[in-house]
Amino acid sequence: MRRCLIIEDDTENAQYVATGLRELGWLATVCRDGVDAVGRAVEEAWDVIILDRMLPNDIDGLSILRTLRSLGRRTPVVVLSALAATDERVRGLKAGCDDYLTKPFAFSELAARIEAVLRRSQPGDVVREMHVADMKVDLIARSVERAGRPIALQPREFRLLAYLLLHQGRVVTRTMLLEAVWDYRFDPQTNVIDVHISRLRSKIDKDAPVALIHTVRGVGYTLSPGGPTRELAG
Amino acid sequence: MSGAFARWWSSIAFRQALIFGALVVLTMTVLLVIFYVQTVGVWQRRIDSQIDATTQRLVDYQETRGSAALATHINNLLGDGIDSDTEVYTLVGPDGHIAAGNLTVTGEIASPTRRIFEHRVVRAGRASRSRLRVTRLRDGSILIVGRDMQDPHELEELTRGAILSGAIVTLLMAVVGAVLFRQQLERRIGAIRETAVQIERGDLAQRVPISAQQDEFARLSRDINAMLDRIHALMEGVRHVSNTIAHNIRTPLSRVLARLYTAQNAADPVQALPEAVGFAIAEIQDLNVVFDKLLRIAEVEAGARRQTFAAVSLNAVAVNALELYDAVAEAKGLTLTHTLDAQPLVTGDGDLLANAVANLIDNAIKYTPSGGAIHVDTRCEGSSVTLTVRDNGRGIPAEERTRVGARFYRLDRAVPGWGLGLASVLAIARLHGGTLQLADADPGLIARLVLPAPGA
């Protein structure tokens, strides 16, 4: 069972995150006090730490993060904060967090980001080729085949597909796609991502017996042969 | 130092005027001292050389003709009516009695000296001061030659008096000048201070009255007024923004509350609630987006992001945005084309510029009906780099263009959006020292993001 430490002083928020994670099969522990949190973060083994920034007694969550990193702990940390300005975000990333999410947030967005962070922290081999159902993707040659039939994709469409593929079976949000594929750190007003996905879908899933790209309502998208999964624990 | 003087001394005008006055007094004193030395001093030296010359002549006279002849000569000199008021001659014989002359000789002056000296004497029976030279002649008799100093002394007194009264008058004038100067300054600065006090009390409409004189104070007052105008405009802007923000946030909040209350009080709450909750979530998510956009605009306007400016290719930004929007444009039946200049480099924040360009293209797509065309081009022109987004949609009426860019201003309420897109483009353009120009494409809109070229 995966273990998550939630360092958050707001009971309501902490409960919301903890309940959500427990439903996904996690063992979630909430710590409301900054001083206590440092000890627990360092002494116990966690798969991921969710860290609030403004903690009681004027403790900045980032100081906990710095302590952790200075002790050589590589535990993935997702910062969850109301401080949304660019320089605050940069400060968080500099302190060594793996992702920075601003409040208010949807749990689905947090869950998707935790999943992405966990995946990144696992040292994987350099993958050259990936297979999903009858689709074969060559990540080096940038070619795609479905049931042996080559599919022509534009470079950006290929990047979109590759990102979905790397997070196979997991939900990725629109914001994550904008950041990873277009390097945009803001949300355009029009739902541009939806249109790109539907275009990609028309190329990949057209005439195929099994659809690979699925919409997860209100959250984002997932690529899997068996439809969307709510399974977050690997 | 008394309290009153301390108060006066603390006035810079008074201090300046007083120091200036003291300088004038000093200059005057130096001038008068030079004048005094040049007049009184020179006259005294001339008298001394005359005494020397006369002594020499009389000594020669005695040596060639003898003492008796000298006595006669002296009597002649005293009796000739020339300089009789001032000349002093006396010959005292070796036996001690006066052979000729007009002095009543006392013992002190009867001994010869090398130098000319001044002494109180009795000349022709009247006491006065004289400069004297006493010489012992070869036969033992004593010759006294001198000059009465009554007139030179009177002149000296007069000069001294004039100098003293002149100095006093100058000093008085310096003090009076200092007081007047201080009052003048106080009056001019007082007007500025009075305005400042009123503004501090909250009356931002107050301005410094500008005097008719085109002096430094008038210029200073004008500068202060210009500054106050700017502050006033900013305050008005802030008030306006707070009002619109309050309006745009309270309205959805009250909508949510109304819907939830209605559901709670419905005949069958269990059935009504899910829909109300869905509505509330959608509205609150929208509010969150509005908040986020407002904070981003505020962040841009604060200017802190200038610190991380770097060279950015406007082409790369444009291509990225075009690749993001080509699918949407295609889906809406719009043609999205572009022409790019060779090297449109700017110094700026890549993320923000991408945001601005994306917003301009986003707007063009929203306001251009199906079948329309959108063209994006970049161009370097001298000291500026321009990115233009041109569409053939409905455009913006000329009279509305100045209002575009204000937060929450929306041309068409039927088109989805929050009215923050162009506001953020404008803020980003300003952060980069550039402008956002809107023009008529007849039909359609031309939106130009004009940025300064690096080093321009």
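Before reading further, recall that the structure is shown in the block above.
Along each chain, residue indices are assigned from 1 in the same order as the chain's sequence is written. Naming scheme: in the order in which they are written, chains are lettered from A and ligands are numbered from 1. Selection of residues for local features in this predicted model requires a pLDDT of at least 70, selection of side-chain atom pairs for listing and counting requires 80 or more, and totals for whole chains, interfaces and linings are taken over all residues. With hydrogens and water excluded, all non-hydrogen atoms of the structure serve as input to the side-chain values.

The packing of two helices is summarised by the inter-axis angle and the distance between the axes. Their axes nearest at 8 Å, the elements helix α8 (residues 192-204) of chain A and helix α7 (residues 314-332) of chain B cross at an angle of 75°. One element, α8 of chain A, and the other, α7 of chain B, form an angle in the roughly perpendicular class. On α7 of chain B, the residues that touch Val192, Ile193, Val195, His196 and Arg199 of chain A of α8 of chain A are Glu323, Leu324, Tyr325, Asp326, Ala327, Val328, Glu330 and Ala331 of chain B. Ten residue types, Ala, Val, Leu, Ile, Met, Phe, Trp, Tyr, Cys and Pro, are classed as nonpolar, four, Asp, Glu, Lys and Arg, as charged, and the remainder, Gly among them, as polar. Among the residues making up the contact of α8 of chain A with α7 of chain B, the classes are represented as eight nonpolar, one polar and four charged. Angles here are taken between N-to-C directions and fall from 0 to 180 degrees, while the axes themselves are lines fitted to C-alpha atoms, restricted in helices to the stretch in contact. Runs of H or I in DSSP of at least four residues are treated as helices and runs of E of at least two as strands, each being numbered from the N terminus. Note on terminology: angles under 35 degrees are roughly parallel, angles over 145 are roughly antiparallel, angles of 65 to 115 are roughly perpendicular, and the others are oblique. The contact criterion used throughout is that any non-hydrogen atoms of two residues lie within 4.5 Å.

Another aspect to go through is empty space enclosed by the protein. All names here are of chain B. Note on definitions: the grid is 1 Å and covers protein atoms alone; a cavity is a set of points where a 1.4 Å probe fits but cannot get out; a pocket is an open set with protein on both sides within 12 Å along at least five of seven lines; lining residues have an atom within 4 Å of a point. Grid points are joined across faces, edges and corners, and a volume is the space filled by probe spheres set on the points. Per the stated rule, a full pass over the model turns up three cavities of 30 Å³ or more. As a volume, the largest cavity reaches approximately 350 Å³. Where the lining of the largest cavity is concerned, the elements lending two or more residues are α8 (350-367), β10 (384-391), α9 (421-431) and β12 (445-452). Examining the composition of the lining of the largest cavity, we find that five residues originate from one element, α8, more than from any other. Tallied by class, residues from the lining of the largest cavity come to 17 nonpolar, seven polar and three charged.

Residue and element names in this part refer to chain B. Following the sequence through the fold, Asn359 ends up in helix α8. Only protein chains enter the accessibility calculation, which uses a 1.4 Å probe; a residue whose area is less than 20% of its type maximum is buried, one above 50% is exposed, and one in between is partly exposed. On the basis of relative accessible area, Asn359 is assigned to the buried category, the value being 9%. Here a polar contact is recorded for every N or O atom pair within 3.5 Å, except that within protein the pair must consist of a potential hydrogen donor and a potential acceptor, and residues adjacent in sequence are included only if both atoms are side-chain atoms. A polar side-chain atom of Asn359 sits 3.3 Å from a polar atom in the side chain of Ser424.

All names here are of chain B. Think of a patch as exposed residues, more than 30% relative accessible area, with no salt bridge, where like charges cluster within 9 Å and nonpolar side chains (Val, Leu, Ile, Met, Phe, Trp, Tyr) cluster within 5 Å. For the accessible areas, the method is Shrake-Rupley and the probe is 1.4 Å, while residue cover comes only from the protein chains on display. The salt bridge criterion pairs a side-chain nitrogen of Lys or Arg with a carboxyl oxygen of Asp or Glu, the two atoms within 4 Å. A cluster of nonpolar side chains, Phe5, Trp9 and Ile19, forms an exposed patch at the surface whose accessible area comes to about 270 Å². Among the structural elements, Phe5 can be located in helix α1 (residues 3-9). Using a relative accessible area of 35% as the deciding quantity, one classes Phe5 as partly exposed.

Moving on, we come to the layout of surface pockets. Residues and elements named next belong to chain B. Approximately 680 Å³ is the volume attributed to the second largest pocket. Residue contributions to the lining of the second largest pocket peak at nine residues, all from helix α5 (residues 216-264). The class makeup of the residues in the lining of the second largest pocket is 16 nonpolar, four polar and five charged.

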